[in-house]
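Chain by chain, the residues run as shown.
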Amino acid sequence: MSVHFELFSSSFCGACAQTRMLLETAAGVIPESRLTEHDVAFEPDLAEELDIAATPTVIVRNGEGREVVRASGVPTMDQILRAAALAMD
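## Considerations on the environment of His38
Phase 1: Within the secondary structure, His38 is located in strand S2 (residues 33-39).
Phase 2: The buried category is assigned to His38, whose relative accessible area is 10%.
Phase 3: Remark: the alpha-carbon pair of His38 and Ser9, spanning 29 residues in sequence, is separated by 6.1 Å.
Phase 4: Setting aside residues up to four positions removed in sequence, His38 forms contacts with Glu6, Leu7, Phe8, Ser9, Glu43 and Leu46.
Phase 5: Among the polar contacts listed, one links the side chain of His38 to the side chain of Glu43, at a separation of 3.1 Å.

See the structure below:
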């Protein structure tokens with residue numbers, strides 16, 4: 001089963017850059033995972049539709065596209081891996 005990491009970020013957000021690096025690392029080692037980044041300044045309708053209130057926000061989805069975990073702020077690698085494991089269940 002696959003894992004989809006979605007990062008909602010903004011260009012002026014230093015915490016977003018840290019989160020991006022962590023998610024890129026995780027996506028590189030978790031089979032069948034992918035990362036999509038959405039800049040809320042360029043995709044405001046999507047951010048509003050998904051109730052994104054802060055950046056960075058990460059949504060982790062399972063292979064069916066269902067949201068499994070949502071968190072704001074910079075995650076730890078342990079948190080990312082635990083969220084990925086939930087998405088693979």
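So, next bit.
## Section: the state of the cysteines
Phase 1: Considering all chains together, one arrives at one disulfide under this definition.
Phase 2: The disulfide bridge from Cys13 ends at Cys16, spanning 2.3 Å between sulfur atoms. Its torsion about the S-S bond being 85°, the disulfide of Cys13 and Cys16 is classed as right-handed. The residues Cys13 and Cys16 share a single accessibility class, namely buried.

Reading the values: rules and limits
- Residues numbered from 1 in each chain as written.
- Predicted model: local features only at pLDDT ≥ 70, side-chain atom pairs only at ≥ 80, totals over all residues.
- Heavy atoms only, no water.
- Helix = DSSP H or I, 4+ residues; strand = E, 2+ residues; numbered from the N terminus.
- Buried < 20%, exposed > 50% of the residue type's maximum accessible area, 1.4 Å probe, protein only.
- Contact = heavy atoms within 4.5 Å.
- Polar contact = N/O pair within 3.5 Å; in protein donor to acceptor, adjacent residues only side chain to side chain.
- Disulfide = S-S within 2.5 Å.

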